[in-house]
Amino acid sequence: MRKHKKRCRAFDLRDPVLQYRHLKNLVPVERYGSFCGENMLFTWDDGYRILSRCPECDALVLIQHSEYHGANDSYYSDYFAVDSVEEAHMLNKKYNGWDIETKYKGERIYL
Ligand SMILES: [Zn+2]
């Protein structure tokens, strides 16, 4: 497997504002939509995953966007550091939206 081996420095930042400022520049590489087979790629009511590249760090980040529909709709984004496109595919197959938040042990940022 070809490894990308670059890591976005947002995962080293501790301030959510700085994390957000850094991560908002991510450029989509591949859009996975809301499902991978039977696997829901979001939590709550709606959402999707996108593999993105950080232009500053040249690193790959898998993003899961989720929406909660209620009196006030809420939006959540989870960012996962991945080394390769293959690793992102593996995570989509292995973890649904809830499991990637609760069972996956890799690096992540919740915003
Ligand atoms: Zn970065």
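Summary of the structure given here. Worth saying up front: this structure is predicted, and the values here are computed from it rather than measured.

Thresholds applied
- Residues numbered from 1 in each chain as written.
- Predicted model: local features only at pLDDT ≥ 70, side-chain atom pairs only at ≥ 80, totals over all residues.
- Heavy atoms only, no water.
- 1 Å grid on protein atoms, 1.4 Å probe; cavity = no way out; pocket = protein on both sides within 12 Å on 5 of 7 lines; lining within 4 Å.
- Points joined across faces, edges and corners; volume = space filled by probe spheres on them.
- Helix = DSSP H or I, 4+ residues; strand = E, 2+ residues; numbered from the N terminus.
- Nonpolar A, V, L, I, M, F, W, Y, C, P; charged D, E, K, R; others polar.
- Donors = N, O, S within 2.8 Å, 3.2 Å for Na, K, Ca; no water.
- Tetrahedral: all angles 85-135°; square planar, octahedral: opposite > 155°, others 65-115°.
- Buried < 20%, exposed > 50% of the residue type's maximum accessible area, 1.4 Å probe, protein only.
- Phe/Tyr/Trp six-rings, centres within 6.5 Å; stacked < 30°, edge-to-face > 60°.
- Pairing = 2+ DSSP bridges.
- Axes fitted to C-alpha atoms, helices over the stretch in contact; angles between N-to-C directions.
- Contact = heavy atoms within 4.5 Å.

Observations regarding the layout of surface pockets
Next, step 1: Estimates place the volume of the largest pocket at around 150 Å³.
Next, step 2: For the largest pocket, the full set of lining residues is Tyr20, Leu23, Lys24, Leu26, Pro28, Ile50, Ser52, Ile63, His65 and Tyr79.
Next, step 3: Listed by contribution, the elements that provide at least two residues to the lining of the largest pocket are helix H1 (16-23), strand E4 (46-54) and strand E5 (59-68).
Next, step 4: Per-class residue counts for the lining of the largest pocket are seven nonpolar, two polar and one charged.

Here's the deal with the coordination of the zinc ion
Next, step 1: Listed as protein donors to the zinc ion are Cys8 (SG), His22 (NE2), Cys54 (SG) and Cys57 (SG); their distances from the metal cover 2.1 to 2.3 Å.
Next, step 2: The site at the zinc ion holds four donor atoms, and with the angles between them running 98 to 123 degrees, its shape is tetrahedral.
Next, step 3: All donor residues of the zinc ion come from one chain, and their arrangement in sequence is C-x13-H-x31-C-x2-C. Here Cys8, found in the segment before H1, pairs with His22, found in helix H1; they are 14 residues apart in sequence, far enough to count as distant. The same class applies to Cys8 as to His22, namely buried.

A few points about the packing of aromatic side chains
Next, step 1: This structure, assessed with the given rule, holds five aromatic pairs.
Next, step 2: When the ring of Phe35 is compared with that of Phe42, the centres are 6.0 Å apart and the planes differ by 85 degrees; the resulting orientation is edge-to-face.
Next, step 3: Consider the rings of Phe80 and Tyr104, whose centres lie 5.7 Å apart with planes at 70 degrees: the pair is edge-to-face. Of this pair, Phe80 sits in strand E6 (residues 74-82) while Tyr104 sits in the loop between helix H3 (97-102) and strand E7 (108-110), and the two are 24 residues apart along the sequence. For the pair Phe80 and Tyr104, one class covers both residues: buried.
Next, step 4: A network of ring pairs unites the aromatic residues Trp44, Tyr68 and Trp98 as a single cluster.

Digging into the sheet that holds E7
Next, step 1: Taking strand neighbours across the sheet as the criterion, the five strands line up as E1-E4-E5-E6-E7 in an open arrangement whose pairing is antiparallel. Each of the sheet's edge strands pairs with one partner strand only, and the pair in question is strand E1 (27-33) and E7. Each adjacent strand pair in this sheet contributes to an overall mean axis angle of 20 degrees, direction not counted.
Next, step 2: Summarising the sheet, E6 and E7 pair through three bridges and their orientation is antiparallel. Following the sheet pairing, Phe80 is matched in E7 by Arg108.
Next, step 3: Against the sheet, helix H2 (residues 85-94) touches E1, E4, E5 and E6, its axis set at about 30 degrees to E1.

From the geometry alone we can't say anything about function, so treat these as descriptive.
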